[in-house]
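# A closer look at the structure
In case you want the letters, here they are:
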Amino acid sequence: MQTLRASKCGLSTAQLPPSILDVIDSLTKAGYEAYIVGGGVRDLMLGLNPKDYDAVTNATPSQIKEVFGRRCRIIGRRFELAHVYSGRELIEVATFRAPPKKAITSAQGMILRDNNWGTIEQDFSRRDFSINSMYYQPRKDEILDFCNAIDDIKSKTLRLLGDPTLRFEEDPVRMLRTLRFAAKLNFSIDPKIIKIFTHEMTDLLSDVSPHRLYDESQKLFTMGHLQRVMPMLIEFGIWKQLFTDITPEITPFMERVARNTDQRIQMGKTINPAFFYAVLLWNNFLARCDYYHEKGVVATEARAQAGLDVLKRQATRTIIPRFAETFIREVWEMQSRLLNPKPQQIEALSSHARFRAGFDFLLLREKSNDPSTHGMGAWWEAYQDMSVDEKERAISAYNRQRAKSRRKGSDAVVVEDPKAVTTQIEPLVKEQETRSRRSRNNKPTSRASSNDSRSRNDYKSPVKTGEINADHPITKRRRVQRDLSKVVFGPTQ
Ligand code: ATP
Ligand code: MG
């Protein structure tokens, strides 16, 4: 073990938020040892901005509770931990852990219970990577380095502590962590890890709970290096463990959204990890919609059912929380509304709670050269910046094009550049409209609605034999116009 002078490694208490100093100081004052450990120390040493700080101590969870009283909650079963609230921040405080006892590991060697308290040396050897196992005592200006981790920091190498095979067997999630840290820090992976990173090894992930895998997938999506990690997930066989039904192939849409997500994170903007799930599962959703269309199910019903089916399948690998599932299905449902909106609903749609996400999704599809958006991404983009008058003109121009496309027998409206459209057409009368113009303006709307009923009839494709036959109630349901803001999605069962 070597003790490094923290200030010489570029660390100082001035960089630390008051919350973590409060936790360290309170535990020290109560007579316990306390350190900052893990990603916080690693990131500070690398000159990065840590996402959060974790603390570790020789106090047991109940002793931590005594120190912090009502500011502390003990959580977890497999790993018992204390959550300490300091101001508005939450700090995770763990107790030094000893190696697990044999009786609490599964047949495959996976650790099931892990509340065996120990010394700092034992705690160190339980950590995953050398770079994650440095202990920083800010008040003493000391970093305890048990394995020459500083060299791995300098050489940018990701090295597992102990025997890599055993460490992956103990906790297969470490495979995901390997790729996450390699991508996030741009570190190379120790050849000893690469050697054992086989398909048999990644198969162990099938024993990990879908809840835990969802948490890990979120960390992968939100670390700011999604673009870099995606090919790695495929190369190392992790992709098929996380997303069994999604072809291990990065589509231009995924690539584009990954780049966009990473850029947003780098700019400090928020991102919704469920959005990336919506992107990953988009082709599956479309394929499932086609499946129902072929069975003669009406389009709205087909989309609703396809959304449920796809998410239900994904839940066998990663359990997406209910609120996130609802978000994903709303984004998908929004696509057809934005693609072919009824002119009279355009303005209401643009202030819908899910408009922003649905529009971003549509625009990113378009920017990744998906021709099926028919230019509507750009149309909506321009629409949002228009004045009230410009909006009216854009809607009426859209309406005319819509009627024209329908006369040609196409359901999709191929919009020209909306800005160009508004400058080409006669401006609507800003003040009072004459009666004749009013009736002229109404015409396309009525034509559109008759077309609408035509397209509904066209939709009755011959029902093929299969799981859903012509008598199935789903095929008999009428298409009812729904206000998306009032749609309550049912359970995913
Ligand atoms: P991040 O920047 O993502 O927070 P981190 O290294 O802090 O990275 P956490 O998941 O917050 O990751 O875990 C904190 C520390 O706990 C890690 O640095 C590591 O020392 C230890 N740790 C976490 N998960 C594992 C694991 N599965 N096996 C062994 N040690 C782990
Ligand atoms: Mg952390």
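Residues numbered from 1 in each chain as written. Chains lettered and ligands numbered in written order. Predicted model: local features only at pLDDT ≥ 70, side-chain atom pairs only at ≥ 80, totals over all residues. Heavy atoms only, no water.

### Notes on the environment of Leu308
- Mapped onto the elements, Leu308 comes out in helix H16 (residues 299–314).
- Overall, Leu308 belongs to the buried group, its relative accessible area being 16%.
- Considered as a pair, Leu308 and Thr326 are 18 residues apart in the sequence and their alpha carbons are 9.5 Å apart. (Helix = DSSP H or I, 4+ residues; strand = E, 2+ residues; numbered from the N terminus. Buried < 20%, exposed > 50% of the residue type's maximum accessible area, 1.4 Å probe, protein only.)

### Here's the deal with the confidence of the model for the protein chain
- On average, residues of the protein chain score 84 in pLDDT, and 80% of them reach the 70 mark or higher.
- Per-residue pLDDT stays below 50 along residues 419–493; that stretch engages in 104 contacts with residues further than four places along the chain or on separate chains. (pLDDT = per-residue confidence, 0-100. Contact = heavy atoms within 4.5 Å.)

### Concerning the side chain of Arg126
- When you line up the elements, Arg126 lands in helix H4 (residues 120–126).
- On the accessibility criterion, Arg126 (11% relative accessible area) is buried.

### Some details on the packing of aromatic side chains
- In this structure the tally under the stated criterion is 24 aromatic pairs.
- Here the aromatic rings of Tyr214 and Tyr277 are separated by 5.8 Å at their centres, their planes lie at 25 degrees, and the arrangement is stacked. Residue Tyr214 is located in helix H10 (residues 210–222), and its partner Tyr277 is located in helix H14 (residues 273–280); the two are separated by 63 residues in the primary sequence. For the pair Tyr214 and Tyr277, a shared accessibility class is recorded, and that class is buried.
- Ring geometry for Trp379 versus Trp380: centroids 5.3 Å apart, planes at 85 degrees, classification edge-to-face. Comparing Trp379 with Trp380, the two get one shared label, buried.
- An aromatic cluster of three or more residues is present, and its members are Tyr214, Phe221, Trp239, Phe243, Phe276 and Tyr277.
- The positively charged end of Arg180 is found above the aromatic ring belonging to Phe181, 4.8 Å away from the centroid. (Phe/Tyr/Trp six-rings, centres within 6.5 Å; stacked < 30°, edge-to-face > 60°. Lys NZ or Arg CZ within 6 Å of the ring centre and 35° of its normal.)

### Describing the site of ligand 1
- Lining the immediate environment of ligand 1, one finds 18 residues, of which Arg42, Lys51, Asp171, Arg174 and Arg180 sit closest.
- Contact between ligand 1 and Arg42: an oxygen atom at 2.9 Å from a side-chain N or O atom of the residue.
- With respect to ligand 1, the side chain of Arg177 contributes an N or O atom lying 3.0 Å from an oxygen atom.
- Within the complex, the protein chains bury 84% of what would otherwise be the 580 Å² of accessible surface of ligand 1.
- Those elements that provide at least two residues to the shell around ligand 1 are helix H2 (39–45), helix H7 (173–185) and H10.
- A total of five residues in the shell around ligand 1 trace back to one element, the largest contributor, which is H7.
- Considering only residue class, the shell around ligand 1 consists of one nonpolar, three polar and 14 charged. (Near = heavy atom within 4 Å. Polar contact = N/O pair within 3.5 Å; in protein donor to acceptor, adjacent residues only side chain to side chain. Areas by Shrake-Rupley, 256 points an atom, 1.4 Å probe, with all protein chains shown as cover. Nonpolar A, V, L, I, M, F, W, Y, C, P; charged D, E, K, R; others polar.)

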